[in-house]
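Listed here are the chains, written in short residue letters.
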Amino acid sequence: MRNTNALPEWANELEHRPEVFPHQLDLINDNLLLVELSAAETSAASFLDQRVLKQGTRGAWVAWPLIAELFEKVPDNKPPGFIFHVGHCGSTLLSRLLQQLDETRSLREPLPLRTLAQDVADAEEGRSFLSRQEQSRRLRLLSKMWCRGAEHTVIKATSICTDLLALIHADDPMARTVFVFNRAETHIATLLAGQNAVVDLRGFAQLRLQRLQQKTHLKIPLHQMTPGQLAALSWLSEAVSATQSLASYPEQIRVLEFDAFLGKPTESLASLSNFLGIPADRQAIEKAINSDVLQTYSKAPEHQYNAQTRQAILADSRSRFAIEIKEALSWLDDLAGRSGLVSASVQKFG
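Treat the numbers as computed from the prediction; the structure is a model and nothing was measured. (Residues numbered from 1 in each chain as written. Predicted model: local features only at pLDDT ≥ 70, side-chain atom pairs only at ≥ 80, totals over all residues. Heavy atoms only, no water.)

Undergrad: I tried to follow the packing of aromatic side chains on my own but got confused; where do I start?
TA: Applying the stated criterion to the full structure yields five aromatic pairs. Between Phe258 and Phe261 the ring centres are 6.0 Å apart and the planes differ by 15 degrees, which places this aromatic pair in the stacked class. Separated by three residues within a single helix, Phe258 and Phe261 lie in helix α11 (residues 258-263), roughly one turn from each other. In this structure Phe261 comes out as buried when scored by relative accessible area, which is 0%. Consider the rings of Tyr297 and Tyr305, whose centres lie 5.3 Å apart with planes at 50 degrees: the pair is tilted. (Phe/Tyr/Trp six-rings, centres within 6.5 Å; stacked < 30°, edge-to-face > 60°. Helix = DSSP H or I, 4+ residues; strand = E, 2+ residues; numbered from the N terminus. Buried < 20%, exposed > 50% of the residue type's maximum accessible area, 1.4 Å probe, protein only.)

Undergrad: Teacher, can you tell me more about the packing of helix α9 (residues 205-216) against helix α10 (residues 227-248) here?
TA: Look at α9 against α10: their axes get within 9 Å of each other, and the N-to-C directions meet at 45 degrees. Put simply, α9 runs oblique to α10. Crossing handedness for the pair α9 and α10: left-handed. In contact with Ala205, Arg208, Leu209, Arg211, Leu212 and Lys215 of α9, α10 contributes Leu230, Leu233, Ser234, Leu236, Ser237, Glu238, Val240, Ser241 and Gln244. In terms of residue class, the contact of α9 with α10 is made up of seven nonpolar, four polar and four charged. (Axes fitted to C-alpha atoms, helices over the stretch in contact; angles between N-to-C directions. Parallel < 35°, antiparallel > 145°, perpendicular 65-115°, else oblique. Left-handed = near helix turned anticlockwise from the far one by under 90°. Contact = heavy atoms within 4.5 Å. Nonpolar A, V, L, I, M, F, W, Y, C, P; charged D, E, K, R; others polar.)

Undergrad: I'm lost on the pattern of salt bridges in this one. Help?
TA: Side chains carrying opposite charge are able to pair once their charged atoms draw close together. By the definition in use, this model includes 24 salt bridges. For Arg338, the salt bridge is made with Asp334, and the minimal N-O distance between the two is 3.1 Å. Here the residue Arg338 and the residue Asp334 both occupy positions in helix α15 (residues 322-338), the gap between them amounting to four residues, near one helical turn. Several salt bridges share partner residues, and in doing so they unite Asp30, Glu72, Glu134, Arg137, Arg138 and Arg140 into one network. (Salt bridge = Lys/Arg side-chain N within 4 Å of Asp/Glu carboxyl O.)

Undergrad: When you look at the sheet that holds strand β5 (residues 81-85) in this model, what are you seeing that I'm missing?
TA: The five strands are arranged β6-β7-β5-β8-β9 in an open sheet whose pairing can be described as parallel. Only two strands of the sheet have a single neighbouring strand rather than two, namely β6 (104-108) and β9 (253-257). If you compare each strand with its neighbour and ignore which way they point, the axes differ by 20 degrees on average. Each of β8 (177-181) and β9 touches helix α12 (residues 265-275); the most contacted strand, β9, lies at about 165 degrees to it. (Pairing = 2+ DSSP bridges.)

In structure tokens:
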């Protein structure tokens, strides 16, 4: 896709064109990739990364200063609600349920959030491209772009993005965010059950460990970690980040355990939509709950999947990986004994 210092013709009147989507943020060249995606494409996508691009998708890299100048002039709209999470904990399902409500758009894992999360992590060691102020500014302007054309917008971040909680709430005291989690034992069992568990766990392990060590100063050699410990790390890095943000913004962040949601889905969805400022009466909530969302696998809706399927997978994983799960939980307990922040996080979310 070509670079340009001007908006391509197909992206004219960008501020009024939600189908022109900010797909990637390049901090090295200071460009933003704009691509043309229909509302149906963005609503269906489980991941707004490279997988959403098809042969023939129109796109162009545009200089960020051009985008910033344009959207600084756009009046503020209702800010999006954000969903952060530990991963593999029902956050995609929740975003799809919220999408069932009137005038609500859900966007799942837009890549610029990952880029900003990495830059926030690098800032702790003086290696970020952006200042804290500029990180906040870019997130605010990107949020304006994501909110075009919808009364209510909910953005589900990738699990490694939890440090953005502090950025969002420091910039906007009225912002509303959600943190979704499973208990540590459930999380570890879920991740070990995956067909490509080790590869998936190693994917973000370096960034997760970097962020955890910045907050706790614990010495943890990545190359010595077992798959169970890697699963525990993926849970702990996000739990620690959420614990820190909750200490500063307890009223602005809603914590939701996925098993608690499954126990009372109608009441939980009603409470969540109200917290995010999405009006929905009882009939709308029940319609969403009774849709096929709870009967399919949210990341691949073509596959049947429900709470019973989940419990069967967890039972099998707990049987097959009992030793690994026990050792991973012991590892978490050991870290809790060495760090007050880890101890607080384990007590709150474990």
